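Fold and contact review
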Amino acid sequence: MAYKRHIDRLPIIPADAKEHNVTCHYCIVGCGYKAYTWPLHKQGGTAPGENKFGIDLSEQQYQDTEAWYAPSMYNVVRQDGKDVHLVVKPDVDCVVNSGLGSIRGARMAENRPSKVTGTQQQRLSDPMVWRNGVWQPTSWDDAMDLVTRVTARVVTEGSEDDLVVSMFDHGGSAGGYENTWGTGKLYFESMKIKNCRIHNRPAYNSEVHSTRDMGIDELNYAYEDYVLTDTIFMVGANSMETQTNLYLNHMVPGLQGGAKMVVVDPRRTLTVHSSEQYAGPENVLHLAINEGTDMALFNAILTYIVDQGWTDSDFVANSTFQGGEAVAQDSAHPAGLGSLDYAMQTCRTSLDEAAEICGVSASDIQKAAEWVAMPHDDGSRRKCVTCYEKGIIWGNDNYRTIGALVNIAIATGNVGREGGGVCRLGGHQEGYYRPSDAHVGRPAEYIDQFLIRGLGGVHHIWACDHYKTTLNAAEFKRVHKRRSDMVKDAIDAAAGGTREQMVDAIVAAINAGGLFVVDVDIIHSQIGQNAHVILPACESNEMNLTSMNGERRLRLSEKYMDPYGNSKPDCLIAAEMAWNMERVLRDMGHDAYADQFKGYDWQTEEDAFMDGYNTGHPEVTYDRLRAMGNNGVQEPVVGYENGALVGTKRLYADGTFDRHGRDDNKALFCAAGWRGWQAAGKAREQAAHKFWINNVRANIFWQNQFLDQKNEFVQDRFPYPFIEMNPDDMVEMDLNPGDLIEIINDNGVTQGMVYPTPSSKRNQVAMVFGSPAGSQGNVVNPGVNELVLPDYKHCWGDIRKVSNATHETAGITFKSKEIML
């Protein structure tokens, strides 16, 4: 898309351009945007009555004027079969971002497919099937017939346990309430598929089991709490880098208003650096702990708070369980749950003990406890908002570590109050609405190992690419490819035969250990290279899509362009799969089973929304959400009054807790006893290898870079995954900026380009997650916690140079990211 850099003029949006509400479909912050479309032969003028903003554009505009938009915010797309101008720009009236645009969201327009400007021509346009040694385009009817005939044969001749499903559980580009309902109804209602996994982890489970078991939903505050608080307690997150507008529009005003900040992270991040500039270094405490030791730190903070008498005694007495043990530790609960006194029997840790384990001073741990909980001079309680993310979610001993952090918030009464909350910061937006998944079980099946062991015969994949985003990826890729190639060979051998003969050949290959793979996606992904049928999906704004952000703000992101080619919304693909399953099963004589696939008479994504989410929340409709605009309504929606939906600003304001489903509505404390490295193999790897390979995110691209792979703005800057390294380590290894290096351990090998970072500790590197040019998952061992939560964050390896800087990396600037604001 380099042509955009040379644009010296953009068309003016005419006064009568169509206006659409848009929620950025990338991260969970959910910034509001406006999309404007108008005919290709028309544009507005400089006079106030001739442009959308109603101002005189012949005059110089003020800085950050609403009327400004960048080349990245412009494109030409198809709407109702015709080419139209498109501008997608931040919405100044959205309370989430107040007109700020992120480096991802502000490129939404240029990342739309366009045959006029040539953008995103990698998008899948038609179903494809493996024929004659290549993928051949075909019709939806042909592709669906093959998918459902093979699937029906396998599950009726074996069982539904032979069908393995990988699917999203979120909102944003791939999900939303429409698409999670469509896939959920298919696999959890019409079928009872238990061998399934989620896009970023190898089982169907929650990343935050413990906080839910303690009675607390992980998204419980309002973004305004960052402005109302006394202290921001951030753990395992880097919001300035990865959720920039949440940081700038909400955290920074809090810091400028006098809030202190505690950041727990082994690595000095942009968030630490920026916060020191906004609040002053004396008001920012960075606890650079040893990797994986968060739980010991939290237990020491809790112990000090309890011993100082800084707990909220009224809250603890009235809103938390008082009877000792409420839930015993078992296979579904990696720690016991109960009263504060019960938890303290296990959690009690002195400042000195934690300092020894964590590698930070006892005085700094004490200071953190004081900033979190020490009352003000007038005796009033301190407000603390706690936020956490992948650093502990994908870290050591997930269940107990998150439980230990939530313990602090409960003990200090910082849940449900203004300026409080204990929330995960999230990745994608949320849009989960599915029938019960209770049949999956807890702990759920470890799907990667299930497939590696040769189990399962059919693999349906929805908007996932485990080749880039799973642990033990090197082994998973080898086995998955070998098993899928067995089916490809069978298809090639049966070329020219009837459909029945083809299905017979595929089923025979499956029975011999093969795997039939169906991939639903927007591009031809790396895992999709193994697929035998590829089904093209569309994404947000090529369809209407609803989702909620990190403060549970529900919006309708409106369709403003046609789906690319013959692609369809995931929910309608699921419906079409259900129609064909019903037809095929009746042909096979399984009428009772076929009856389970009724009820998918949807023509639009709104039909799927009404069948699912609206059934459970009848006051919420597309029309009502459209009227709420980009500010939407915070879930749960509790009514509809005076033409507006009524929501809930923050959860648990009444001091009752129900996320665990217990009748007493009391919050539970977690007996989070420290036990060192929990996942198998971590201690051995740490002892055997020199470098800790941290797993991190970057602002410029999103997750596995699915659309950024063909975006020159991104690829010119990061053609290979960056690996941040201390310059002294580089000198010792004769490395220069941009040199290509490999990381090696017993799990596999991966590669990237070295990026000098003076603030990095010696023998620690930070590798960007999910890159198509080098997956860190290749070197992450298969160790998980008891509930099959992966510890992506902790792996160790050795590093060796592969080559000098390439042509692509030699031209990159490696200036420090820690710039003065």
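Not measured: the values here are computed from a predicted model.

So, the side chain of N283
Mapped onto the secondary structure, N283 falls in the loop between α7 (270-279) and β11 (284-287). Within the structure, the side chain of N283 is placed 2.9 Å from the backbone oxygen of A279, a separation counted as a polar contact. Each residue touching N283, except ones within four places of it in the same chain, is listed here: K260, M261 and W371.

So, the pattern of salt bridges
With the rule as written, the count across this model stands at 57 salt bridges. In this structure, the salt-bridge partner of D217 is R659, at a minimum N-O distance of 3.1 Å. A residue pair is termed long-range when its members are at least 10 positions apart, and D217 in the loop between α3 (209-213) and α4 (225-228) and R659 in the loop between β23 (644-646) and β24 (669-670) qualify at 442 residues. One salt bridge connects R650 with E224, and the closest N-O pair in it is separated by 3.2 Å. Of the two residues, R650 sits in the loop between β23 and β24 while E224 sits in the loop between α3 and α4, which places them 426 residues apart along the sequence. Judged by relative accessible area, E224 falls into the partly exposed class, the value being 31%. Connected through shared salt-bridge partners, R131, D142, D145, R149, R499, R583 and D587 make up one network.

Describing the UniProt feature "domain: Molybdopterin oxidoreductase" (unreviewed entry) in the protein
Taking the UniProt record as the reference, the feature "domain: Molybdopterin oxidoreductase" (unreviewed entry) is found at residues 123-578. Annotated as residues 123-578, this span is 41% helix and 15% strand, and its ends, taken at the C-alpha atoms, are 25 Å apart.

Regarding the domain arrangement of the protein
What the domain assignment lists for the protein is domain 1 (18-111), domain 2 (128-207 + 441-552 + 566-611), domain 3 (220-429) and domain 4 (682-811). Placing a centre on the C-alpha atoms of domain 1 and another on those of domain 2 gives a separation of 36 Å. Tallying the contact residues gives six residues for domain 1 and eight residues for domain 2. Buried area between domain 1 and domain 2, summed over both chains or domains, comes out near 560 Å², and the portion from carbon and sulfur atoms is 49%.

The rules behind these values
- Residues numbered from 1 in each chain as written.
- Predicted model: local features only at pLDDT ≥ 70, side-chain atom pairs only at ≥ 80, totals over all residues.
- Heavy atoms only, no water.
- Helix = DSSP H or I, 4+ residues; strand = E, 2+ residues; numbered from the N terminus.
- Polar contact = N/O pair within 3.5 Å; in protein donor to acceptor, adjacent residues only side chain to side chain.
- Contact = heavy atoms within 4.5 Å.
- Salt bridge = Lys/Arg side-chain N within 4 Å of Asp/Glu carboxyl O.
- Buried < 20%, exposed > 50% of the residue type's maximum accessible area, 1.4 Å probe, protein only.
- UniProt positions renumbered as here; feature names shortened; annotations may be inferred.
- Domains from an automatic or database assignment.
- Buried area = accessible area lost by both parts, 1.4 Å probe.

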